[in-house]
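# Close look at the chain arrangement
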Amino acid sequence: MIRDGTVFDDDHLPTSIVGRNRHMNEVTDALAPIQDGFRAENCFLFGPSGVGKTTVAKAAVRELRQEVLDVPYAYVNCWQDYTRNAVLEQISRDLVGAALPRSASTGRLIDRIKTDLNGPGVVILDEVDQLRETNVLYDLHEIRGLSWIGIANREVDLLADLDDRITSRISVAYRVHFDSYGEDAITEILSRRAREGLGPGAVDEDVLAQIARLSEGDARQAIAALRVGARMASREGLSAIPARLVEDAVADAEREVRQKTISKLNSHQRALYEVLEEECGLIQKELYARYREVHDDPVTLRYLRENHLPKLEHYNLVDVERRGGSKRYSLIGVNHPEQF
Ligand SMILES: Nc1ncnc2c1ncn2[C@@H]1O[C@H](COP(=O)(O)OP(=O)(O)O)[C@@H](O)[C@H]1O
Ligand SMILES: [Mg+2]
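The text that follows walks through the structure, step by step, so that each part is easy to find. (Residues numbered from 1 in each chain as written. Chains lettered and ligands numbered in written order. Predicted model: local features only at pLDDT ≥ 70, side-chain atom pairs only at ≥ 80, totals over all residues. Heavy atoms only, no water.)

On to the sheet that holds strand S7 (residues 318–323). Pairing within the open sheet is antiparallel, and its 3 strands lie in the order S6-S8-S7. This sheet does not close on itself; its edge strands, each paired only once, are strand S6 (282–283) and S7. (Pairing = 2+ DSSP bridges. Helix = DSSP H or I, 4+ residues; strand = E, 2+ residues; numbered from the N terminus.)

Our next topic: the nonpolar core. With 34 residues, the main nonpolar core has Phe44, Ile91, Leu95, Val123, Leu125, Val128 and Leu140 as its most contacted residues. Of all the secondary-structure elements, those providing two or more residues to this core are strand S1 (43–46), strand S2 (73–77), helix H3 (84–96), helix H4 (106–116), strand S3 (121–126), helix H5 (135–141), strand S4 (146–152) and helix H7 (164–170). Ranked by residues supplied to this core, first place goes to H3 with 5 residues. Among residues more than four places away in sequence, those in contact with Ile91 are Ala74, Val76, Val96, Ile113, Val123 and Leu140. (Core = buried A, V, L, I, M, F, W, Y, C linked by side-chain atoms within 4.5 Å. Buried < 20%, exposed > 50% of the residue type's maximum accessible area, 1.4 Å probe, protein only. Contact = heavy atoms within 4.5 Å.)

With that settled, consider the pairing of S1. Alternating positions in S1 separate into two faces, Cys43 and Leu45 on one and Phe44 and Phe46 on the other, with burial throughout. The pairing of S1 with S4 spans 4 bridges and is parallel. When the bridges of S4 are listed, Phe44 appears paired with Gly150. Where S1 and strand S5 (residues 174–177) come together, 4 bridges link them in parallel fashion. Residue Cys43 lies in a different strand from S5, and its bridge partner there is Tyr174.

For H3, which comprises 13 residues, the first-to-last C-alpha distance of 17 Å matches the rise-based estimate of 18 Å (1.5 Å per residue) to within 8%. Residues of H3 that are buried: Ala86, Val87, Leu88, Glu89, Gln90, Ile91, Ser92, Leu95 and Val96. Those residues of H3 that are buried are in contact with S2, H4, S3, H5 and S4. Immediately beyond the C-terminal end of H3, within one or two residues, lies Gly97, with a positive phi of roughly 60 degrees. (Expected span 1.5 Å × (residues − 1).)

Right, let's get into the environment of Cys78. You can see Cys78 is positioned in the loop between S2 and H3. Separated by 45 residues in the primary sequence, Cys78 and Pro33 have C-alpha atoms spaced 26 Å apart.

Before going further, it helps to spend a moment on empty space enclosed by the protein. Applying the stated criterion across every chain yields a total of 2 cavities of 30 Å³ or more. When its volume is computed, the second largest cavity comes out at roughly 50 Å³. In terms of lining, the second largest cavity is formed by Asn42, Leu137, Tyr138, His141, Trp148, Ile166, Arg169 and Ile170. Listed by contribution, the elements that provide at least two residues to the lining of the second largest cavity are H5 and H7. Classifying every residue of the lining of the second largest cavity gives 5 nonpolar, 2 polar and 1 charged. (1 Å grid on protein atoms, 1.4 Å probe; cavity = no way out; pocket = protein on both sides within 12 Å on 5 of 7 lines; lining within 4 Å. Points joined across faces, edges and corners; volume = space filled by probe spheres on them. Nonpolar A, V, L, I, M, F, W, Y, C, P; charged D, E, K, R; others polar.)

Close contacts around ligand 1 come from 20 residues, with Val18, Gly50, Lys53, Thr55 and Tyr181 the closest. Between ligand 1 and Thr54 there is a distance of 2.8 Å, counted from an oxygen atom to a side-chain nitrogen or oxygen. Residue Arg220 places a side-chain N or O atom 2.9 Å away from an oxygen atom belonging to ligand 1. When the free accessible area of ligand 1 is taken as 550 Å², the share hidden by the protein chains comes to 97%. With respect to the detected pockets, ligand 1 is housed in the largest pocket. Of all the elements in the fold, those that place two or more residues in the shell around ligand 1 are helix H2 (53–67), helix H8 (183–197) and helix H10 (219–235). Its residues assigned to classes, the shell around ligand 1 shows 9 nonpolar, 6 polar and 5 charged. For the shell around ligand 1, the two domains that each supply at least three residues are domain 1 (21–177) and domain 2 (183–261). (Near = heavy atom within 4 Å. Polar contact = N/O pair within 3.5 Å; in protein donor to acceptor, adjacent residues only side chain to side chain. Areas by Shrake-Rupley, 256 points an atom, 1.4 Å probe, with all protein chains shown as cover. Sits in = over half its atoms within 2 Å of the grid points. Domains from an automatic or database assignment.)

Taken as a whole, the largest pocket spans an internal volume of roughly 1000 Å³. Lining the largest pocket we find 44 residues, and of these Asp10, Asp11, Thr54, Thr55 and Arg220 sit closest to its centre. At the level of elements, H2, S2, H8, H10 and helix H11 (246–264) are the ones that each hand at least two residues to the lining of the largest pocket. Here the lining of the largest pocket spans two domains, since at least three of its residues come from each of domain 1 (21–177) and domain 2 (183–261). When its volume is computed, the second largest pocket comes out at roughly 420 Å³. Along its surface, the second largest pocket is lined by 19 residues, and Ser215, Glu216, Asp218, Gln221 and Asn316 are the ones closest to its centre. Those elements that place two or more of their residues in the lining of the second largest pocket are H10 and H11.

Next comes the structure, spelled out in structure tokens:
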């Protein structure tokens, strides 16, 4: 039943973006100066997971590159590339096609980008709240012609760790806020995905609406559920997804998405995750103490509170129960035996 599996990949950039015209316009407006050869406005996209932030950023750059051929462009995922050098390396590779040795100094990387970039260029800094060495934002500011689109869940997570020099530079950036999708938008996104990726008649509108309803405004979850549903139906020898499979498909998709997120965790987030796997319902102080025992280069409690813990929460790995003045953390989707 699945004709083209790549249509369901998380980094598949759809030809048309559903229900995000305002967001697309705001980002393309910010990028518009590039069409006249100038540096664009920096901008930030904020919002929860699965609401189309990465998609809108990439689609806006795609549009720009259709207008202005070959505008140099780089994509950095700061969750993987979180040091100053890793970001600069990725940019020099994507933007100016210069692969420098892994050991190249920060200064050399910056010089290389500066000399090779003639005119405007644009960088997407995805998951920018995961940057450990935020001074790289200042480096980017110093590169003439370069502008960036920063993507994060919430502005406060991003500002937790910035020095004043950078805060004042980014305070003028455009801000575009994304809310969760409504059921209609998700249904429409699914319907187009089904048309591209599944055989004809593989899924009817009711089933799509049902998946949308159970996906709580998260397009990533919904698309994963559609793929899982198609797989389950094929296994039963069916050529269409029956309504009775939807609930299981959504639950399986949730597990799949969660597993993929877990594989992206950095060492601090992973240590927290593993501590909570052993013991659920820890308050912040206990959790921090256990994390310090298992991690050999622990961050401060403040950094943990303002960066790593919110990230686990945004990606639906951890549930936070606020009781009285304290927060109690447990893993989502992991059954702990009753404690007596
Ligand atoms: N407006 C949209 N139109 C079509 N597909 C979308 C739209 N928004 C999100 N998607 C799809 O949903 C998934 C998650 O979107 P993504 O942009 O990665 O979310 P975010 O970056 O906010 O977590 C991707 O597979 C993407 O292609
Ligand atoms: Mg994203």
